[in-house]
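Structure at a glance
These are the residues of each chain, in order.
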Amino acid sequence: MIMVVLASFVLRQSWATADTWAFEPKPDDFRPDSLLDLRYLNEKTAGLNGFVHVGANGQFLLGDGSAARFWAINSGVGSEANFQPRPLGRKTAPDLSRHARFIAKRGVNLVRLHAQISPSPSQPMESINSEVRDWIWRSVAATKKEGIYTCLSPYWSVPMKFGADWNIDGGSSQSALGLLYFDPKLQHAYKAWLRALLSEKNPYTGISLAQEKAIAVLQIQNEDSLLFWTVNAIQGPQRKNLGRLYGKFLGKKYGSSQNAVSAWSGTKLPGDETTSGVFDFYNIWEMTQARSGPMAVRLADQTEFYTKTMVDFNTSIVRFLRDELGCKQLINAGNWRTADAVKLNDAERLSYLPTDVDAVNRYFTGVHRGPNEGWAISNGDKFTNASILQDPGAFPLNIKQTAGRPMMVTESSWVMPNGFSSEGPFLVSAYQSLTGLGAYFWFATGDDEWTEPTSANGYMPSQAKWVMGGPDTLGTFPAAALTYRKGYIKQARPVVTEQRSEADIWSRRAPIIAETDGFDPNRDARDISPKSSVTAIVDQKAFLVGPVLVNLTGDPSHSSVSDVSDFVTEGGRKIISATREIVLDTSNKSCTVD
């Protein structure tokens, strides 16, 4: 019997000097007689037996067909091309080879490289950031040697900067958020960046990344969606371009744009130019609301258009990667959220279907208030400690997985400051095992071994916030990684399998279960599809009982839900897994695994 208890002792812990000690480990010597070294769990080299692929039930498989149980992190080690010592930071550049060996020893076999391959605004638009590419090449080579696979994230619209001479519609000062889905000039440049990254020979391995079996997943982009609040900020020429595409979509759907206007009787918007086939959009807030009549029809069309615009883009990039670049790695479309998890999340996940893998970024955090709360912790800041054992509804692994597809959480952590962060690896190990989640990536590290308490930027007295390299998290990896990777905790059979129709998704009807505490069983239950075989909202604690699945192109009359009442007891305070191996008890703030 394995018994692990995460109890309330953290809340009562005293921080007096007598109750603490300095964590000052020596550099790891990787001695062969080490009592705990999980490097043996990895292949001799990543990709030794072929490309990672997906099994019939949606699980990751290694090249030889064995289960690929990924324990994963985000790493930026070595990403600073010309390392500069900082007064309050590191004095020497981190060592990529040492880093790879260090994390392999602690059970890691998948690393996400989140990068930005777009050029600087002063460079030609179709060139690539060669320093970032070199870091990616070096990282893949180093981690491959230690049996660690790579998930490559090469583009994020938030830091994207346009050159003044690139002649992008809307000018160089606009945000890039949302534009990659429909701007042909940006798409053309993006493909050029991918070609330069993936097709040219990696000088550190002798083969191109397109041929690299050590790359498990290629992500098309990070944190962007036309179903998020940022779509409202697409204005000027770009909004008109998107509205022109909307007109073409409507003409194809209704036979003519005038037929669409008739279906929307009484809902003309100020930006509509029906004679030229350009239509404007409701503020996305309206897509989070329940509407009826012609307005509901137009909102459904807008939801369908936004989603299918993303589907078309993702389809085109998959075709480019497969047919033009010859990439055989698995592909993920994105990892973002929507303006309303109840009404729009299924549309977001539907837009990923042209690819192989789903993903989401989701953190767990308490309240932190301070002048630099987005990136640094400083003296005088105020914060609350947060624990999943007190708030299981906020668990990042409470995820509705698309049936037959792997799901990854590509960024997550118990965000500092948090006195309960040590519970994270154990809980992730247990529930990743239970639900069959494909990968959970801890965010993040830039250090080759441990991350010491240090300035967030190397200059200001502070503590870096988005780090997982301390003893509270990284120090508990070996037990958690071993438990997960050896399969000591069983995966349960699905407790919910929801079937959704596209018509219900476009109409933003409520699902029977959603990934949010804002899911109202009284309000949302009235909005379930009348064709659904399940007429009541499913208790969200089902996420902690077993896998929750959804088919996004199914028949709502075929949804199935197991009775979870036997597994949620004591007024919901105790949640027992369907395998009866895991018990989470909020009343005594514990989680046990038998």
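Residues numbered from 1 in each chain as written. Predicted model: local features only at pLDDT ≥ 70, side-chain atom pairs only at ≥ 80, totals over all residues. Heavy atoms only, no water.

1. Re the packing of aromatic side chains
Taken as a whole, this structure holds 31 aromatic pairs when the rule is applied. Their ring planes at 85° and their centres at 5.6 Å tell us that F102 and W450 sit as a pair that is edge-to-face. Of the two residues, F102 sits in helix α2 (residues 96-105) while W450 sits in the loop between β14 (439-445) and β15 (463-464), which places them 348 residues apart along the sequence. You'll find F102 and W450 in the same group, each marked buried. A centroid spacing of 5.4 Å and a plane angle of 75° characterise the contact between F395 and Y431, whose relative ring orientation is edge-to-face. Taken as a pair, F395 in the loop between β11 (382-383) and β12 (400-402) and Y431 in helix α10 (residues 424-435) lie far apart in primary sequence, 36 residues in all. Residues F395 and Y431 agree in their burial class; the two are buried. The rings of W71, F364, F395, W414, Y431, Y440, W442, F477 and Y484 are connected pair by pair, giving a single aromatic cluster. (Phe/Tyr/Trp six-rings, centres within 6.5 Å; stacked < 30°, edge-to-face > 60°. Helix = DSSP H or I, 4+ residues; strand = E, 2+ residues; numbered from the N terminus. Buried < 20%, exposed > 50% of the residue type's maximum accessible area, 1.4 Å probe, protein only.)

2. Some remarks on the pairing of strand β21 (residues 582-585)
Note: strand β20 (residues 574-576) against β21, three bridges, orientation antiparallel. By the bridge assignment, K574 is partnered in β21 with D585. Here four bridges tie β21 to strand β22 (residues 590-593), and the two strands are oriented antiparallel to one another. By the bridge assignment, L584 is partnered in β22 with C591. What sits between β21 and β22 in their antiparallel hairpin is a turn of four residues, with K589 showing a positive phi close to 55°. (Pairing = 2+ DSSP bridges.)

3. With respect to α10
For α10, built from 12 residues, the straight-helix expectation of 16 Å at 1.5 Å per residue is met to within 8% by its first-to-last C-alpha distance of 16 Å. Of all 12 residues that make up α10, 12 are buried, and the element is covered over most of its length. Considered for burial, the residues of α10 that qualify are G424, P425, F426, L427, V428, S429, A430, Y431, Q432, S433, L434 and T435. Its buried side turned inward, α10 meets β12, β14, α11 (477-485), β21 and β22. Looking at the residues trailing α10, positive phi occurs at G436, about 75°. (Expected span 1.5 Å × (residues − 1). Contact = heavy atoms within 4.5 Å.)

4. What about α11?
Listed as buried for α11 are F477, P478, A480, A481, Y484 and R485. Next to the buried residues of α11 lie β3 (72-75), α10 and β14. Positive backbone phi, approximately 70°, marks G487, located one or two places after α11.

5. Details of the nonpolar core
Core analysis: the largest hydrophobic core is formed by 140 residues, its most contacted members being I136, L198 and Y431. Here this core takes 12 residues from helix α8 (residues 293-324), the largest share from any one element. The residues touching L198, leaving out its near neighbours within four places in the chain, are L152, S208, L209, A210, L218, L321, L325 and C327. The next biggest cluster of nonpolar side chains, apart from the first, holds 19 residues, and it includes A72, L110, V217 and A439. (Core = buried A, V, L, I, M, F, W, Y, C linked by side-chain atoms within 4.5 Å.)

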